[in-house]
Amino acid sequence: MHQIILGIESSCDETAAAVMVDGKLRSNVVASQEIHAKWGGVVPELASRAHQEHIVPVVQEALALAGVRKEELGAVAFTRGPGLIGALLVGACFARSMAQALRIPLLAVDHVQAHIMAHFIDDGEERPRPSFPFLNLTVSGGHSQLVLVRSALDMEVIGSTLDDAAGEAFDKGAKAMGLPYPGGPLVDRYAQAGDPHRFILPKPAIEGLDLSFSGIKAAFVAQVERGERERPGFAQAERDNLCASLQAAIIDHLLAKVKRALKEHPVRDVGVAGGVAANSGLRHRLTQLGAQLGFGVFFPPFAYCTDNAAMIAEAGRHLLAANRFAPLDTVPVPRIH
Ligand code: KG4
Ligand code: ZN
């Protein structure tokens, strides 16, 4: 009999469902919520309502694309947290009801760990993957962590952001310049034509392996405001240089922490996960550092970097194999780490 898992993700502003058959990804559907763009960030109540509208059609589409009837499902995996509570509740209630109605195991997945499992999604394409144990830099709009990954079920967080996430630093910096949400991809694009040394931003002096982006963000916003006061139109005129300087400051901090983590935990491979893993500057500079210091660098394909349900199904697969089932009254948790 085939092992068929449905994955469901609803922690932030993406409603997603994926189907995995015998460990192979068969479908991966993501409905993004455009509604937030005009507010300059995710509005939690609007996110919950959009999840409610999207969840049934998204799950139906994932099943249809995979050619699977719901009666054939062997387990349902969902994001337990961290995330927005109202958003998480939609996925959790749906998954719980489905598990109960179909009498199949319920698998409660940690969203941040699932981002790391994105490295191992088998979609039929050959690509290099990190070997255990490895260091993972998990950088998204909601989380920034350094994680020592010993196996799919054994992960240790060795460093976390003390304030903003790396993606937030990109997004808030972009917002200060008048760019639309999410600003990360735009900063990436404009940075390519800019001078990263044009504006000097602080290097966060945080002990150990923890990260912090609020200093960079505050200095950047102050720079934009000062520039606009002195020379209206500054943010537009200096757009590329501002983006390049912001991106370089964020990457400098990330790379300094990766170097330090590898000194304390000498592993051979470094993985990157989360939406910011799409950043071309980070890809380029971390790959360079790996070549220089002799460690392997791994980025999942872009579709698995940003929020998706394939990673939830992949993480769920390991919970299922270990018989780690969740009770049907499992509640979502907005904060886990
Ligand atoms: O993983 P994700 O989809 O959602 C969370 O779990 O938070 O990450 C979204 C974040 C946003 O902050 C977005 O601006 C950022 O990833 N992002 C990027 C790029 N693409 C997405 N940041 C920098 N450069 C990019 N190319
Ligand atoms: Zn995420």
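Residues numbered from 1 in each chain as written. Chains lettered and ligands numbered in written order. Predicted model: local features only at pLDDT ≥ 70, side-chain atom pairs only at ≥ 80, totals over all residues. Heavy atoms only, no water.

### Topic: the pattern of salt bridges
Then, number 1: Summed over the entire model, instances satisfying the criterion amount to 17 salt bridges.
Then, number 2: For D164, the salt bridge identified is with K172, shortest N-O distance 3.7 Å.
Then, number 3: When the shortest N-O distance is used, the salt bridge between D252 and K203 registers 3.4 Å. With D252 in helix 8 (residues 239–264) and K203 in the loop between helix 5 (184–191) and helix 6 (214–230), this residue pair connects regions lying 49 residues apart in the sequence.
Then, number 4: Assessed through its relative accessible area of 27%, D252 is described here as partly exposed. (Salt bridge = Lys/Arg side-chain N within 4 Å of Asp/Glu carboxyl O. Helix = DSSP H or I, 4+ residues; strand = E, 2+ residues; numbered from the N terminus. Buried < 20%, exposed > 50% of the residue type's maximum accessible area, 1.4 Å probe, protein only.)

### Notes on the sheet that holds strand 7 (residues 144–151)
Then, number 1: Within the open sheet, the five strands sit side by side as 8-7-6-9-10. Their pairing is mixed. With partners counted over all chains shown, the strands left at the sheet margins are strand 8 (154–160) and strand 10 (296–298), one partner each. For this sheet, the mean angle separating the axes of adjacent strands, direction not counted, is 25°.
Then, number 2: Strand direction decides the pairing type here: strand 6 (residues 134–139) and strand 7, joined by six bridges, are antiparallel. Within strand 7, the residue paired with L137 across the bridge is L146. (Pairing = 2+ DSSP bridges. Axes fitted to C-alpha atoms, helices over the stretch in contact; angles between N-to-C directions.)

### Focus: the domain arrangement of the protein
Then, number 1: We note that the domain assignment places domain 1 (4–124 + 305–321) and domain 2 (134–300) within the protein.
Then, number 2: One C-alpha centre belongs to domain 1, the other to domain 2, and the line joining them spans 27 Å.
Then, number 3: Of the residues lining the interface, 19 residues belong to domain 1; the matching set on domain 2 comes to 22 residues.
Then, number 4: In total, about 1600 Å² of surface goes out of reach between domain 1 and domain 2, with carbon and sulfur atoms giving 74% of it.
Then, number 5: Considering only the surface of domain 1 that becomes buried against domain 2, I116, H119 and C305 emerge as the three largest contributors, covering 38% of it. (Domains from an automatic or database assignment. Contact = heavy atoms within 4.5 Å. Buried area = accessible area lost by both parts, 1.4 Å probe.)

### What about the site of ligand 1?
Then, number 1: Residues in close proximity to ligand 1 total 21 residues, the closest being G141, G142, D171, D188 and N279.
Then, number 2: A distance of 3.2 Å separates an oxygen atom of ligand 1 from a polar backbone atom of G184.
Then, number 3: Burial of ligand 1 by the protein chains amounts to 91% of its free accessible area of 550 Å².
Then, number 4: When contributions to the shell around ligand 1 are tallied by element, the ones reaching two or more residues are helix 3 (111–117), helix 4 (166–176) and helix 5.
Then, number 5: Partitioned by chemical class, the residues of the shell around ligand 1 number six nonpolar, 12 polar and three charged.
Then, number 6: The two domains that each donate at least three residues to the shell around ligand 1 are domain 1 (4–124 + 305–321) and domain 2 (134–300). (Near = heavy atom within 4 Å. Polar contact = N/O pair within 3.5 Å; in protein donor to acceptor, adjacent residues only side chain to side chain. Areas by Shrake-Rupley, 256 points an atom, 1.4 Å probe, with all protein chains shown as cover. Nonpolar A, V, L, I, M, F, W, Y, C, P; charged D, E, K, R; others polar.)

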